[in-house]
Amino acid sequence: MSSIDRSQSAGGTRTYEVRTYGCQMNVHDSERLSGLLEDAGYVRAPEGADGDADVVVFNTCAVRENADNKLYGNLGHLAPKKASRPGMQIAVGGCLAQKDRDTIVKRAPWVDVVFGTHNIGKLPVLLERARVQEEAQVEIAESLEAFPSTLPTRRESAYAAWVSISVGCNNTCTFCIVPALRGKEKDRRPGDILAEVEALVAEGVSEITLLGQNVNAYGSDIGDREAFSKLLRACGNINGLERVRFTSPHPRDFTDDVIAAMAETPNAMPQLHMPLQSGSDPVLKAMRRSYRQERYLGIIEKVRAAIPHAAITTDIIVGFPGETEEDFEQTLHVVREARFAQAFTFQYSKRPGTPAAEMENQIPKAVVQERYERLVALQEEISWDENKKQVGRTLELMVAEGEGRKDGATHRLSGRAPDNRLVHFTKPDQAVRPGDVVTVEITYAAPHHLLAEGAVLDVRRTRAGDAWEKRNTAEQAKPAGVLLGLPKIGVPEPQPAVASGCGCD
């Protein structure tokens, strides 16, 4: 009996819901989990199903202090639903599953499947095995069984896509548990990456984001230190690929050849997310970050010289163990010098299993909170000032879906500028679709978005817009019972926006 027949034999077409926590790697892994389940005959549950699906999958993160409490709270919420619905299954995967493999089923015995970061491809088999054997299946691989990009994938967007170039990380940052859970870095062959990009472009995708835990270290596993810059340049030769982004790089590996490739590759966007974490040399040393303030600011200076309009964003941790007021002032100094377009700021929280969790001089919560508020206030001021510089500029925007929460009330649409700034613009008379490109003049700046309040200057209908329209029409045309509800379609979250999951690059 085929996997599709099996899923239907349990009582008709079965629905699924995937709940994702954490970093971009988890977001992309969830696309694969959805693809695997649909390949096995499941269909996505409606938006807002809230646990009413036949299969609920948690793709977890382990890098925040209360990650386990959040998971078990959600599992507890589902326990009575599962008890009242024969045949419902719950699966837990991702980093927390890799870390707490032996405790999840003990604490939540109603969970059917536990799987890790290295064997997401086994989910449909484990669900079927749990159903047939009527007992929980716990299977955690210690190393990667197959590169995840070989798995079926249900892309969340018809016009923009993540493309994974590596998995794992070779760094030993004292606040980060990711290397222990995702393993050492494993690189894909350049030819395989480019073949995936070309296939996506052939389907209508016009923007790709190259994804890796430490994306610009790409090549260390295949013995080529310039492999990442070569990959960027190769993406520039793919017809129909309009925008290339990447996340997240590490200052240690950010070399001059990468800056040159960004500046000289036409479709490489003028945007860079460069995690700082701290501006203090002693704190960076305690974090085992292999760069110092001078090196970091030197990279920013070189990027700005080569790409004057680049928008640079970052991650910063406040209150790392042992951080003094002088250390914190050094972080504020770097923020003033670098003038980030946006900073994703985090109050340090213990990550169980990391060296930092055992360090002395843990900073009192009140001190961390006060420093955090000062940092946020400074960055808000800088973000607003930097956005004001955009007023009067004419920009090409890729139209997005779901990024303007007030678009319906304001009669606007939203899009992303080349530097990834979010722009809300006046809805033109002619129809435009997500993936199409519009030209606008910026008239107003807020700290976190821009407005183009005048008439749209130009509309360019694109193959990406065609792809979105085709996909949307096909989803609406499917008969009831085959697909319940429409998928969320849109560009992947702006790359820093999910940094709250990891923030460890």
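Per chain, residue numbering runs from 1 following the sequence as it is written. Since the coordinates come from a predicted model, pLDDT governs what is reported: local features require at least 70, and pairs of side-chain atoms require 80 or more to be given and counted, while whole-chain, interface and lining totals use all residues. Side-chain numbers here rest on the full set of heavy atoms in the structure, without hydrogens or water.

Undergrad: Break down the UniProt feature "binding site: [4Fe-4S] cluster 2" (unreviewed entry) in the chain for me, with residues and values.
TA: Mapped onto the present numbering, the UniProt feature "binding site: [4Fe-4S] cluster 2" (unreviewed entry) falls at Cys169, Cys173 and Cys176. Only DSSP runs of H or I covering at least 4 residues are called helices, and only runs of E covering at least 2 are called strands; the numbering of each starts at the N terminus. Structurally, the position occupied by Cys169 is in the loop between β8 (166-167) and α7 (178-182). Apart from residues no more than four positions distant in its own chain, Cys169 is found in contact with Pro179, Gly183, Lys184, Glu185, Gln213 and Asn214. Residue placement: Cys176 occurs in the loop between β8 and α7. Relative accessibility under 20% of the residue-type maximum defines a buried residue, over 50% an exposed one, and the middle range a partly exposed one, all with a 1.4 Å probe and only protein chains included. The exposure class assigned to Cys176 is buried, which follows from its relative accessible area of 11%. UniProt positions are given in the numbering used here, feature names are shortened, and annotations may be inferred rather than shown by experiment. Any two residues whose heavy atoms approach within 4.5 Å at even a single point are treated as in contact.

Undergrad: Which residues make up the sheet that holds strand β2 (residues 43-44), and what are the values?
TA: An order of β2-β1-β3-β4-β5-β6 is seen for the six strands of this open sheet, with the pairing classed as parallel. Two strands close off the open sheet at either side, each with one partner strand: β2 and β6 (137-139). Two strands form a pair only when DSSP identifies at least two bridges running between them. Alignment of strand β1 (residues 15-20) against β2, held across two bridges, turns out to be parallel. Among the inter-strand pairings, Thr15 is bridged to a residue of β2, identified as Val43.

Undergrad: How would you summarise the nonpolar core if you had to cite specific residues and measurements?
TA: Nonpolar cores are built from buried Ala, Val, Leu, Ile, Met, Phe, Trp, Tyr and Cys residues. Side-chain atoms within 4.5 Å join them into one set. Formed by 64 residues in total, the largest nonpolar core has its most connected members in Ile208, Leu210 and Phe254. With residues near it in sequence (within four places) discarded, Phe254 still touches Asn216, Phe246, Pro249, Ile259, Met262, Leu272, Met274, Arg295, Ile299 and Val303. With 24 residues, the next largest nonpolar core counts Ala53, Leu71, Tyr72 and Ile140 among its residues.

Undergrad: Could you give an account of unusual backbone geometry, naming the residues involved and the relevant values?
TA: Cis geometry marks the peptide bond from Thr247 to Ser248, where omega comes out at -10°. Assignment of secondary structure puts Ser248 in the loop between β11 (243-247) and α10 (256-264). We note that Arg288 has phi near 60°; this positive angle belongs to a residue other than glycine. Looking at the secondary structure, you find Arg288 in the loop between α11 (281-286) and α12 (293-306). Judged by relative accessible area, which is 47%, Arg288 ranks as partly exposed. Within the chain, Asn420 stands out as a residue other than glycine whose phi angle is a positive 80°. The class of Asn420 is buried, set by a relative accessible area of 12%.

Undergrad: Could you give an account of the pattern of salt bridges, with specific residues and numbers?
TA: The rule for a salt bridge is simple: a side-chain nitrogen of Lys or Arg has to be within 4 Å of a carboxyl oxygen of Asp or Glu. Counting across every chain of the model gives 30 salt bridges. Residues Glu323 and Arg371 are paired through a salt bridge, measuring 2.9 Å at the closest nitrogen-oxygen approach. Of this pair, Glu323 sits in the loop between β13 (311-318) and α13 (325-338) while Arg371 sits in helix α14 (residues 365-388), and the two are 48 residues apart along the sequence. Relative accessible area serves as the criterion here: at 3%, Glu323 is assigned to the buried category. Note on Arg371: relative accessible area 6%, which makes it buried. It is possible to trace a salt-bridge network through shared partners that takes in Glu323, Glu325, Glu329, Glu370, Arg371 and Arg374.

Undergrad: I'd like a rundown of the sheet that holds β11, residues and numbers included.
TA: With parallel pairing, the three strands of this open sheet are ordered in space as β7-β10-β11. The two strands at the open ends of the sheet, each matched to only one other strand, are β7 (160-164) and β11. With strand direction ignored, the average angle separating the axes of adjacent strands in the sheet is 25°. Judged from the five bridges that link them, strand β10 (residues 207-211) and β11 form a sheet pairing that is parallel. Its bridge partner being in β11, Glu207 is matched across the sheet by Arg243. The sheet strands contacting helix α2 (residues 24-39) are β7, β10 and β11, and the helix crosses β7 at an angle near 105°. Axis definition: a line fit to C-alpha positions, over the contact stretch in the case of helices; interaxial angles, taken between N-to-C directions, run 0 to 180 degrees. This element, helix α9 (residues 227-235), spans β10 and β11 of the sheet and lies at about 170° to β10.

Undergrad: Quick one: what's the story with the packing of α12 against α13, residue by residue and with numbers?
TA: Where α12 meets α13, the axes come as close as 11 Å, and the angle between the chain directions of the two elements is 10°. As judged from the angle between their axes, α12 and α13 are roughly parallel. Of α13, the residues touching α12 (which contributes Gln293, Tyr296, Leu297, Ile300 and Arg304) are Gln330, His333, Val334, Glu337 and Ala338. Its residues assigned to classes, the contact of α12 with α13 comprises five nonpolar, three polar and two charged. Each angle receives one of four descriptions, namely roughly parallel if under 35 degrees, roughly antiparallel if over 145, roughly perpendicular if within 65 to 115, and oblique otherwise. Classification convention: Asp, Glu, Lys, Arg as charged; Ala, Val, Leu, Ile, Met, Phe, Trp, Tyr, Cys, Pro as nonpolar; all other residues, Gly among them, as polar.

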